[in-house]
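What the coordinates show
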There are 2 protein chains.
Amino acid sequence: MEWQTLKGEGERFFELLKGDVLFLFVIGNTKTAEVKGITVAGANPELIKFTPPADVELLHYGECRVIPFPPATPDGKPTPAIITYTALRLTDVPFLVVDAGLIVKPKTPFVTINAPVGENIAERDAMDLDRVEESFEMAVEFGKRISKSFDVLMIGESIPAGTTTALAVLRAFGIDGMVSSSMPENPIDIKLRVVERALKRIRGDETPLEIVAKVGDPVMVGVCGIAVGSRRPVVLAGGSQMVAMAHVIDRIGRKDTAIATTVYVANDSDSLKYAPCPVLVADPGLDKSKKPGLRAYAEGFVKEGVGAGGATLLAYARGFKKEEFLKEIERSYETVIESKL
Amino acid sequence: MEWQTLKGEGERFFELLKGDVLFLFVIGNTKTAEVKGITVAGANPELIKFTPPADVELLHYGECRVIPFPPATPDGKPTPAIITYTALRLTDVPFLVVDAGLIVKPKTPFVTINAPVGENIAERDAMDLDRVEESFEMAVEFGKRISKSFDVLMIGESIPAGTTTALAVLRAFGIDGMVSSSMPENPIDIKLRVVERALKRIRGDETPLEIVAKVGDPVMVGVCGIAVGSRRPVVLAGGSQMVAMAHVIDRIGRKDTAIATTVYVANDSDSLKYAPCPVLVADPGLDKSKKPGLRAYAEGFVKEGVGAGGATLLAYARGFKKEEFLKEIERSYETVIESKL
């Protein structure tokens, strides 16, 4: 299969993706990523802060600028931005980057909403509530102003350790389910230890934005604000993190949102069934790839990020076939990754 | 008359404004504004740096945030953003702010292209060429990515002392004509003295971007980059400054650009006839206003800025009539200006 509806009315969102789409990439950092062993979104801990800006440089230029090579896991599995880059290259869909709490800024144009870098939620509140409210208002305003001329907004993310803050937000809402991971051996113990410490600060009567300020991250502020402000349907392109954000959005009162992710997340995590909205799953077919670095996705590595699942769905909605899309991902892999080796 | 073509094929651009329009406001600062008597774009010299961010806050929220009241001349003539705000309120056209060298950032979402604040061109080069080239490339990329889903981009500006840097760029290209001014007594002597000093650094064999780096300002980098990158026709919403930018754009090799400005600029300056592209002129009818602060526009004050002429044209293209538009500007004046007195 190329894609399927996992939950709710997926077909309508797939149809919307044939129209005028704006793809937004909301990227940022949480110092939760500094907890040892929590993420592999970077070849080493020092490089993790470069992953989000390097990801969007790849989308814009087919190469990275803040670091000389594309983000990868310590053993060389490439960033999922390679899939998204391929879909954008093929479909030529307009896109914009949104800075939501970056440590290092990308050498690309980007929108800012003045969000802070997120603190390590094991130690303290992620962000000041005042600052969250201000950035959220800016994100709402941006979503409101830009959405009107499009049929649908698609929103992806890049934030190392984002599944841990997502888990904390889900638990703070009283929702079960385990989040996905960029490793086949999901470091659940480490994540749970961080989340447990974070949840000690939750009283239980917080508003959704207060929960994000306490145990979330700045990317949630950007994604949820834009979605709430949007005057058009919104597709959240991501896995477990987007489930947490969909709950924030839902509780603030916005409907007409769906989640689109990869089949690799669907196979790995039960969090998708806790989504308060339709869920669509796309298969980029990497299990059939002749490149081991890409086949690794089907073997439990990386799985999702930078809107890869939504980007795959977008390519299929615009008529690209699975085999063709895989070939194009491999072509991107050759020009973007192998040429740098 | 509501509007007319001053030069070239204006009708086609007017028709485009009936379709999907994205309005961009490229704002920044040049320290040339610190030259005594060169600009009245601020109630006093200390406030001049707040004018661009306050202008776009007004567009977004109908009120200013970096300062407690809207930008005005020392004797209280309100910013032309009041006209643009009215047109955006009536037409609900999507818009985005672009930071191109701001000293003070607005409390709104905005796009950044990493442009520097412009230096005082009387004293030194406006910007480093490397930095200009990097920001220009980002502006091109932004224009390329965002333009596709629209029928036309309209670009306005806000940069105090921008007519002086515009005059320097025009002279560096060997073009005659005097620029407009926000004062009925255009301080031509002061402008010419600054321009003369700036032009001493021009050899005569510079590329267009080198001229901008030497005697221009950062807003030119943003506007010209976006226009060059755009895949759709571009309307430059402004007066003399846009004539200078149209020449930069033209020399870089992009066509399909027009200028839209107010009748007040057309009455004040001969620079429009040196435009290398069609020129459209709109009349917001402020001479008939019952508000002295607005009538002042027709008496030689303020005249243009923050895309006011283009915004007026946009309102007319979308079916608003001149009398109705004037009434709505007066309504904005009451809620935005008079309520703060």
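Residues numbered from 1 in each chain as written. Chains lettered and ligands numbered in written order. Predicted model: local features only at pLDDT ≥ 70, side-chain atom pairs only at ≥ 80, totals over all residues. Heavy atoms only, no water.

Moving on, we get to helix 3 (residues 81-91) of chain A. All names here are of chain A. Taking burial as the measure, the 11 residues of helix 3 include 10 buried ones, the bulk of the element. Among all positions in helix 3, only Ala-81, Ile-82, Ile-83, Thr-84, Tyr-85, Thr-86, Ala-87, Leu-88, Leu-90 and Thr-91 are buried. The secondary structure elements touched by the buried residues of helix 3 are strand 2 (21-27), helix 2 (51-61), strand 3 (95-99), helix 11 (292-298), helix 12 (308-317) and helix 13 (322-337). Just downstream of helix 3 lies Asp-92, where phi reads positive at about 55 degrees. (Buried < 20%, exposed > 50% of the residue type's maximum accessible area, 1.4 Å probe, protein only. Helix = DSSP H or I, 4+ residues; strand = E, 2+ residues; numbered from the N terminus. Contact = heavy atoms within 4.5 Å.)

Residues and elements named next belong to chain B. Of the two faces of strand 6 (residues 234-237), both are covered, the one formed by Val-234 and Leu-236 as well as the one formed by Val-235 and Ala-237. Relative to strand 6, strand 5 (residues 152-158) is paired through four bridges, and the arrangement is parallel. Paired with Ile-155 across the strands is Leu-236, a residue of strand 6. In terms of strand pairing, strand 6 meets strand 7 (residues 257-262) through four bridges, oriented parallel. Across the sheet, the residue bridging to Leu-236 is Ile-259, located in strand 7. (Pairing = 2+ DSSP bridges.)

Time to look at the interface of chain B and chain A. At the interface, 28 residues of chain B touch 28 residues of chain A. Of the roughly 2,700 Å² buried where chain B meets chain A, counting both sides, 54% is carbon and sulfur surface. Applying the counting rule to chain B against chain A returns six salt bridges. Applying the counting criterion to the chain B and chain A interface returns 12 residue pairs in polar contact (both at pLDDT 80 or more). Sorting the residues of the side of chain B that touches chain A by element identifies helix 2 (51-61), strand 3 (95-99), strand 4 (110-112) and helix 4 (129-147) of chain B as the ones contributing at least two each. No other element matches helix 4 of chain B, which puts six residues into the side of chain B that touches chain A. With three bridges joining them, strand 4 (residues 110-112) of chain A and strand 4 of chain B adopt antiparallel strand pairing. What sits directly across from Phe110(A), in strand 4 of chain B, is Thr112(B). (Buried area = accessible area lost by both parts, 1.4 Å probe. Salt bridge = Lys/Arg side-chain N within 4 Å of Asp/Glu carboxyl O. Polar contact = N/O pair within 3.5 Å; in protein donor to acceptor, adjacent residues only side chain to side chain.)

No statement about biological role is implied by the geometric values presented.
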